[in-house]
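Architecture and fold: a report
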Amino acid sequence: MIGAEPGRVLVTGAAGMLGSQLLIDAPVGFEAVGTDLVEGVPEAPAVEAVGVDLAEEDAVRELFRELGPFTGVVHAAAYTAVDRAEEEEELALRVNGTVCGVVARACAAEGIPLVAVGTDFVFDGEAREPYAEDAEPRPRSAYGRTKLVGEELAREAHPAGTRVVRTQWLYGPRGNHFPGTILRLARERGELSVVDDQVGAPTTTLELAPALWDVLARGEAGTYHAACEGSCSWYGFASAVLAHAGLDRVRIEPCTTERFPRPAPRPAYSVLACDRLTGLRGRALAPWERALAEFMAGVV
Ligand SMILES: NC(=O)c1ccc[n+]([C@@H]2O[C@H](COP(=O)([O-])OP(=O)(O)OC[C@H]3O[C@@H](n4cnc5c(N)ncnc54)[C@H](OP(=O)(O)O)[C@@H]3O)[C@@H](O)[C@H]2O)c1
């Protein structure tokens with residue numbers, strides 16, 4: 001199945017960090033229709049269908065009937081509380097697993113493509129070079145396990161139309177994210193310790209959202225990786241955020257994961273090789289340093 005025809009596209013998780021950016025970045029010829037459990041944020045286009053629990057098959061059918069016909073779906077709704085998922089794996093599985101299957105079945109019934117947003121947490125982090133799209137997933141956390149189930153259910157329900165796009169270390173103009181937390185803590189405390197032994201690629205929703213639209217409109221079914229170019233540790237990322245904010249005098253120390261134990265294990269190394277996406281678009285996402293500079297120019 002080739003990409004989505006121009007027309008109405010359903011964006012799930014439209015009140016979230018990524019979903020709200022997807023609403024803003026709908027390309028010419030596409031009209032994004034947002035759905036979420038909660039209302040959208042004021043700076044983004046309104047979420048049209050509020051309070052629809054996508055785990056309910058009937059509710060999804062009704063949504064398609066009332067607001068469709070859609071020419072594609074970008075599925076960004078998820079249970080994203082990584083640490084809480086260790087204690088609520090059943091709930092996380094309902095949202096990250098069951099919902100993916102339900103949405104994929106609805107797309108299959110309509111014969112339209114689906115972009116399902118995935119995560120680097122499906123990998124164990126033991127690699128020493130970027131994970132290819134076909135690398136063996138081996139999640140170590142409840143969040144990673146449930147997101148992997150979602151990938152599998154979507155592919156199973158709609159093999160010809162599902163594009164799983166895994167991303168990582170997301171931040172953007174709306175929602176809670178790492179740069180926002182670092183800026184707050186720096187101002188509150190004046191000194192910080194940040195983990196230096198986990199490596200990934202910070203990725204802005206400003207870079208990711210247009211790439212997801214391209215995969216929906218022009219990509220073939222299959223698995224894609226989508227992250228900004230390059231890599232760094234959380235310590236490296238935090239240092240760059242402080243420098244852009246003119247907070248260079250805040251003391252920042254590198255520390256180990258061991259010193260800050262969290263309920264969910266994080267992959268130590270989860271850089272994603274994005275060759276397939278780069279091939280589709282003819283260019284990679286921006287290097288993370290440049291994407292951060294552009295983001296910080298808007299917030300500082
Ligand atoms: N953030 C990252 O660093 C990161 C990294 C890799 C991949 N991802 C993936 O990227 C996607 C977007 O993440 P994000 O950070 O933008 O997430 P987010 O801000 O948490 O947004 C997700 C939205 O989905 C909604 N939702 C939850 N359960 C639902 C249900 N049953 N039915 C309908 N909507 C539901 C949430 O509502 P509530 O707030 O009311 O629960 C929330 O508004 C997700 O697939 C995530 O797994 C994120």
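Whatever comes next refers back to the structure up there.
Residues numbered from 1 in each chain as written. Predicted model: local features only at pLDDT ≥ 70, side-chain atom pairs only at ≥ 80, totals over all residues.

Let us look at the overall build of the protein chain. Each helix and strand counted, the protein chain has 9 helices and 13 strands in total. In terms of C-alpha radius of gyration, the protein chain reaches 19 Å, essentially the compact-globule figure of 19 Å for 300 residues. Oriented by its inertia axes, the alpha-carbon framework of the protein chain measures out at about 55 × 40 × 35 Å. Per-residue burial over the protein chain gives 49% buried out of 300 residues. Within the protein chain, contacts between residues at least 6 apart in sequence are counted, and of these 77% link residues at least 24 apart. (Helix = DSSP H or I, 4+ residues; strand = E, 2+ residues; numbered from the N terminus. Rg over C-alpha atoms; globule rule 2.2 N^0.38 Å. Buried ≥ 20, exposed ≤ 12 C-beta atoms within 10 Å, placed from the backbone. Contact = placed C-beta atoms within 7 Å.)

With that settled, consider the nonpolar core. If you look at the biggest cluster of nonpolar residues, it comprises 89 residues, and the most contacted ones within it are Val9, Val11, Val103 and Leu212. Here this core takes 9 residues from helix α3 (residues 89-110), the largest share from any one element. The contacts of valine 103, once residues within four sequence positions are left out, are Thr12, Leu54, Val60, Val73, His75 and Leu114. (Core = buried A, V, L, I, M, F, W, Y, C linked by C-beta atoms within 7 Å.)

This part takes up helix α5 (residues 178-189). Taking 1.5 Å of rise per residue, 12 residues should cover 16 Å, and α5 covers 16 Å from first to last C-alpha, within 8% of that figure. For α5, the set of buried residues is Pro179, Ile182, Leu183 and Ala186. Seen from one end, α5 has its buried residues packed into an arc of 100 degrees, which puts them on one side. Along α5, the residues that are exposed and aim more than 90 degrees away from the buried face are Arg184, Glu188 and Arg189. (Expected span 1.5 Å × (residues − 1). Arc of directions from axis to C-beta.)

So, on to the site of the ligand. Around the ligand lies a shell of 27 residues, among which Gly13, Gly16, Met17, Leu18 and Ala78 are the nearest. Every element with two or more residues in the shell around the ligand is listed here: α1 (17-24), α3 and β5 (114-119). A total of 3 residues in the shell around the ligand trace back to one element, the largest contributor, which is α1. Here the residues of the shell around the ligand are counted per class, giving 16 nonpolar, 8 polar and 3 charged. (Near = placed C-beta within 6 Å. Nonpolar A, V, L, I, M, F, W, Y, C, P; charged D, E, K, R; others polar.)

α3 packs onto helix α2 (residues 57-67) with a crossing angle of 40 degrees between their chain directions and a minimal axis gap of 10 Å. Judged by the inter-axis angle, α2 sits oblique to α3. Our pair here, α2 against α3, has a crossing hand that is right-handed. In contact with Glu57, Val60, Arg61 and Phe64 of α2, α3 contributes Val102, Val103, Ala106 and Glu110. The class makeup of the residues in the contact of α2 with α3 is 5 nonpolar, no polar and 3 charged. (Axes fitted to C-alpha atoms, helices over the stretch in contact; angles between N-to-C directions. Parallel < 35°, antiparallel > 145°, perpendicular 65-115°, else oblique. Left-handed = near helix turned anticlockwise from the far one by under 90°.)

Attention now goes to the environment of glutamate 253. With respect to the secondary-structure elements, glutamate 253 resides in strand β13 (residues 251-255). Accessibility expressed as a C-beta count within 10 Å gives 10 for glutamate 253, which makes it exposed. C-alpha of glutamate 253 to C-alpha of aspartate 120: the two residues are 133 residues apart in sequence and 26 Å apart in space.

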